[in-house]
Amino acid sequence: MQEKDISIAVIKRLPRYYRYLGELLENDVVRISSKELSEKMKVTASQIRQDLNNFGGFGQQGYGYNVEYLYEEIGKILGLDKQYNVIIIGAGNLGQALANYIDFERRGFFVKAIFDVNPRLEGISIRGVEIQMIEYLEEFVKSNTIHIAALTVPKLKAPAAAKELVNLGIKAIWNFAPTDLNLPPDVLVENVHLAESLMTLSYRLKEIDDAELEGTEE
Ligand code: NAI
């Protein structure tokens, strides 16, 4: 299958297709039309067709989509047919929660090590992975293939920690610290800022409240 230059907006929609198709598979659904898929996902059928056409399209006229095939192909596009070794830097609340989350493994993401600076955390095991002191990071990264580092340290510590990871050759950082990391362009950074999505929610709530207020003022 040929992949053209795909817009990031399309790429960001693919995990959602993947999740829905996974649920359909679990329910033994063999095939689905773009109309049915669109009703489930609450996006237009033409959006689905357009998105999937970026990858050559997987549907057949009059048949719809073969759920298993589409699920596997989207998985391949997202690189989920591979295994990724992940390390976590910062074993506080969030770092431990990530390490505890078993579902990442189902997607091919394996937590191989967790590092922290706090000696009180040393040796604590999270789902079989012991928290190590940060001094061992270099040795670990040099002797293991690590694809992704999750950064869950305090905001002020994040830039230096990220720099160290880059110096050790890490090429992808999953950044949870609420700060922008200025890293070389060949390093991939995916920011996850829960507070920002909460702010979007508060904006939408405010809109509803304002509309209700206007309604009562009439
Ligand atoms: P926490 O204070 O529980 O954990 C931070 C851990 O990082 C501590 O165990 C600390 O010893 C360790 N640490 C400090 N400097 C370090 C370094 N240089 N190398 C390795 N470990 C180091 O904090 P929490 O609640 O887990 O939050 C972690 C980060 O994630 C913070 O930056 C916080 O703002 C952010 N956060 C982001 C969210 C999001 O939506 N992305 C949600 C919650 C927290």
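Computed from a prediction, not measured in an experiment: that's the story for all the values here.

Here is what the cut-offs are and how they apply
Residues numbered from 1 in each chain as written. Predicted model: local features only at pLDDT ≥ 70, side-chain atom pairs only at ≥ 80, totals over all residues. Heavy atoms only, no water. Helix = DSSP H or I, 4+ residues; strand = E, 2+ residues; numbered from the N terminus. Buried < 20%, exposed > 50% of the residue type's maximum accessible area, 1.4 Å probe, protein only. Salt bridge = Lys/Arg side-chain N within 4 Å of Asp/Glu carboxyl O. Contact = heavy atoms within 4.5 Å. Pairing = 2+ DSSP bridges. Near = heavy atom within 4 Å. Polar contact = N/O pair within 3.5 Å; in protein donor to acceptor, adjacent residues only side chain to side chain. Nonpolar A, V, L, I, M, F, W, Y, C, P; charged D, E, K, R; others polar. Axes fitted to C-alpha atoms, helices over the stretch in contact; angles between N-to-C directions.

Turning to unusual backbone geometry, a few remarks are in order. You will see that Asp28, though not glycine, has its phi angle at about 60°, which is positive. Looking at the secondary structure, you find Asp28 in the loop between helix 1 (8–26) and strand 1 (31–32). By relative accessible area, which is 66% here, Asp28 ends up exposed. Positioned with a positive phi, Arg127 is a non-glycine residue whose angle comes to about 45°. With respect to the helices, strands and loops of the structure, Arg127 is situated in the loop between strand 5 (125–126) and strand 6 (129–133). Judged by relative accessible area, which is 35%, Arg127 ranks as partly exposed.

Here the focus is the pattern of salt bridges. Tallying each qualifying case throughout the model produces 8 salt bridges. A salt bridge links Glu105 to Arg127, with the nearest nitrogen and oxygen atoms 3.0 Å apart. Of the two residues, Glu105 sits in helix 6 (residues 103–106) while Arg127 sits in the loop between strand 5 and strand 6, which places them 22 residues apart along the sequence. The exposure class of Glu105 is partly exposed, given its relative accessible area of 30%. Close ionic contact of Asp186 with Lys171 constitutes a salt bridge, the shortest N to O distance being 2.8 Å. Here Lys171 lies in the loop between helix 8 (158–167) and strand 8 (172–175) and Asp186 lies in the loop between strand 8 and strand 9 (188–191), a separation of 15 residues in the sequence. The exposure class assigned to Asp186 is partly exposed, which follows from its relative accessible area of 46%.

Turning our attention to the side chain of Thr179. Among the secondary structure elements, Thr179 is positioned in the loop between strand 8 and strand 9. For Thr179, a relative accessible area of 17% gives the class buried. Look past the residues within four positions of Thr179 in its chain and what remains in contact with it is Lys155, Ala158, Asn191 and His193.

For the rest of this paragraph, the subject is the pairing of strand 4 (residues 109–116). In terms of strand pairing, strand 3 (residues 84–89) meets strand 4 through 6 bridges, oriented parallel. Its bridge partner being in strand 4, Asn85 is matched across the sheet by Phe110. As defined by bridge partners, strand 4 adjoins strand 6 across 3 bridges and the pair is classed as parallel. The residue of strand 6 that forms the bridge with Ile114 is Ile131.

To continue, consider the site of the ligand. Taken together, the neighbourhood of the ligand is formed by 23 residues, with Leu94, Asp116, Val153, Val192 and Leu194 sitting nearest. Between the ligand and Phe176, the relevant distance is 3.0 Å, taken from a nitrogen atom to a main-chain nitrogen or oxygen of the residue. Here a nitrogen atom of the ligand and a backbone polar atom of Val192 are 2.4 Å apart. Listing elements by their share of the shell around the ligand, those giving two or more residues are helix 5 (93–100) and helix 9 (194–217). Counted by class, the shell around the ligand contains 14 nonpolar, 6 polar and 3 charged residues.

Looking now at the sheet that holds strand 9. Here 7 strands make up an open sheet; going across it, the order is 5-6-4-3-7-8-9 and the pairing mixed. If you trace the sheet from one side to the other, it starts and ends with strand 5 and strand 9, each paired once. Here strand 5 runs beside strand 6; their pairing, made up of 2 bridges, is antiparallel. Pairing of Ser125 across the sheet is with Glu130, part of strand 6. Against the sheet, helix 8 touches strand 3, strand 7 (148–151) and strand 8, its axis set at about 170° to strand 7.

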